[in-house]
Amino acid sequence: MNALTNIDALSRADRQAQVVQALSAVLPAHALLYTLEDTVPYECDGLTAYRERPLVVALPETEGQVQAVLKVCHSLAVPVVARGAGTGLSGGAMPHKLGVTLSMAKFNQILKIDPVSRTAVVQCGVRNLAISEAAAPHDLYYAPDPSSQIACTIGGNVAENSGGVHCLKYGLTLHNVLKVKGLTIEGDAITFGSDALDTSGFDLLAVLVGSEGMLAITTEVTVKLVPKPQLAQCIMASFDDIRKAGDAVAAVIAAGIIPAGLEMVDKPMTAAVESFVHAGYDLNAEAILLCESDGTPEEVAEEIARMSDVLRGCGATAITVSKDEAERLRFWSGRKNAFPASGRISPDYMCMDSTIPRKRLADILLAIAEMEKKYQLRCANVFHAGDGNLHPLILFDANDADQMHRCELFGADILETSVAMGGTVTGEHGVGIEKLNSMCVQFSTEENAQMFALKKAFDPLGLLNPGKVIPTHNRCAEYGKMLVRGGKISHPDLPRF
């Protein structure tokens, strides 16, 4: 039985007073927030449609303080939700109403850059981009580059197994991390992975990366650094048909080419980003592809020529190759600013995140176009085409309850269609609270039970980020009943605007 069901029937105020008193013994006053004014900023992450005010926010400054907070919470059976920069897009850092939000923002030190071993040791609150900035004097950088890299933290990247536009060639967070140090819910130190290329026993590092804060609290990460390429060039290719663009992505990979980045932007998103950053995108194209090559000048020249031939053969109506670094960065500025650009054309948007086989890219985009008519909402698409990771942005007004409901149904439809096409419900944003129902579609009751068993091995009382990622049997049963009746359920138990 989950320990949370055994919490005494105290009022919120009484429970808060109990937790504040206990944490005051291990944290200085300035590191403990519990008034309405102080806790409201922590009520959601980047998925702003769902909100909950935490009981208490703890902002420890040392590992000893983190350890003490966890021991207090464990002894009182208080839920703990770890938080980095709050840039996540699936509600993974949304607080528990009777829990402690553990902010790791003050763990922001780069401890070591080793140019010989090409590694960096950083605290969990270090920004993704800050690692590359610190490694730049050694002509090294950290490859995973999510669009939020200017703000997102490495601890959050580990939790979500984040990727980015260059993950096709260089891999996700998992492929670029050697070791993670952290603490269990009981406050015990634990290390996943090692400084070596491999470690004995089970590969628990692969279990932790992408576990969304459900198994342990990350405090320190050892990441791999890669040499800066001598040259990088980007192709911007226009297509007058979505299917031609989708087929071109599969054709590039089938030709044995692994670009540094291979992204697609559809016409609605092209219009949004072009008016925002003036990246030089073709506003007449139904879709554009951004295909990047990096390496030595000779390697880049050969790969750019090969990709250009493939793209032309697939029906590209225009091909532009960046002439210099400034133009390359300008091409990418549109892709990197897709989310803020969408915020300029809609009161709210919900960014979905699913993955499908590359050969089905055109199919899913055409299906989404039909869903726009079905749910009477607009959707702009931008995504990591090279590995089939979709990011449809559903545009809506969260102040309109009907639009909010239709948006949820639209999102669930995208995820379920992705699974039906041989894909998954998430690529890099995680499950959080957003995709609990969709997990019922992708995984069987037995598979979900095995995931719960794994969590229980690390967190027997179920206190770390409870109610996220793995749907309960009852939830899936109810969702199944709704599907049989031809309806959908969303998140009736979650607070909204």
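Residues numbered from 1 in each chain as written. Predicted model: local features only at pLDDT ≥ 70, side-chain atom pairs only at ≥ 80, totals over all residues. Heavy atoms only, no water.

Novice: Would you take a moment to explain helix α12 (residues 338-345) for this structure?
Specialist: Every buried residue of α12 is accounted for by Ala338, Phe339, Ala341 and Ser342. Each buried residue of α12 lies within a common arc of 160° when the element is viewed along its axis, so the set occupies one face. Buried residues along α12 sit against α9 (267-277), α11 (325-336), β16 (348-351), β18 (378-383) and β20 (392-396). (Buried < 20%, exposed > 50% of the residue type's maximum accessible area, 1.4 Å probe, protein only. Helix = DSSP H or I, 4+ residues; strand = E, 2+ residues; numbered from the N terminus. Arc of directions from axis to C-beta. Contact = heavy atoms within 4.5 Å.)

Novice: So what exactly am I meant to see when it comes to the confidence of the model for the protein here?
Specialist: It should be kept in mind that the predicted coordinates are not to be read in detail where pLDDT is low. In the predicted model, the protein carries a mean pLDDT of 94, and the fraction of residues at 70 or more is 95%. Note on residues 489-497: pLDDT under 50 across the span, and 33 contacts to partners over four residues away in sequence or across chains. (pLDDT = per-residue confidence, 0-100.)

Novice: What should I look at first to understand the packing of helix α8 (residues 242-254) against helix α13 (residues 361-375) in this one?
Specialist: For any two helices packed against each other, one specifies the inter-axial angle together with the distance between the axes. At a minimum axis separation of 8 Å, α8 and α13 run at an interaxial angle of 150°. Taken together, α8 and α13 sit at an angle that is classed as roughly antiparallel. Once α8 is placed against α13, the crossing between them reads as right-handed. Contacts between α8 and α13 involve Ile242, Arg243, Gly246 and Val249 from the former and Leu361, Ala362, Asp363, Leu365 and Leu366 from the latter. (Axes fitted to C-alpha atoms, helices over the stretch in contact; angles between N-to-C directions. Parallel < 35°, antiparallel > 145°, perpendicular 65-115°, else oblique. Left-handed = near helix turned anticlockwise from the far one by under 90°.)

Novice: Looking at this structure, I do not really get the sheet that holds strand β14 (residues 287-295). What am I missing?
Specialist: The strands that make up a sheet pair up through hydrogen bonds in the backbone, lying either parallel or antiparallel. In spatial order, the strands read β15-β12-β14-β13-β18-β20-β16; together these seven strands make up an open sheet with antiparallel pairing. With partners counted over all chains shown, the strands left at the sheet margins are β15 (318-321) and β16, one partner each. Between one strand and the next, the sheet's axes are offset by a mean angle of 20°, whatever the strand orientation. Here strand β12 (residues 231-239) pairs with β15 via four bridges, running antiparallel. Considered in β15, the bridge of Ile235 is made with Val321. (Pairing = 2+ DSSP bridges.)

Novice: How do you make sense of the sheet that holds strand β6 (residues 119-123) when you look at a structure like this?
Specialist: Pairing within the open sheet is antiparallel, and its five strands lie in the order β5-β6-β10-β8-β9. In the strand order of this sheet, the two ends are held by β5 (110-114) and β9 (189-193), each with one partner. On average, adjacent strands in this sheet sit at an angle of 10° to one another, irrespective of strand direction. Bridging between strand β8 (residues 177-183) and strand β10 (residues 217-224) involves six bridges; their strand directions are antiparallel. The residue of β10 that forms the bridge with Val180 is Val221. Strands β8 and β10 of the sheet are contacted by helix α3 (residues 63-76), whose axis makes an angle of about 55° with β8.

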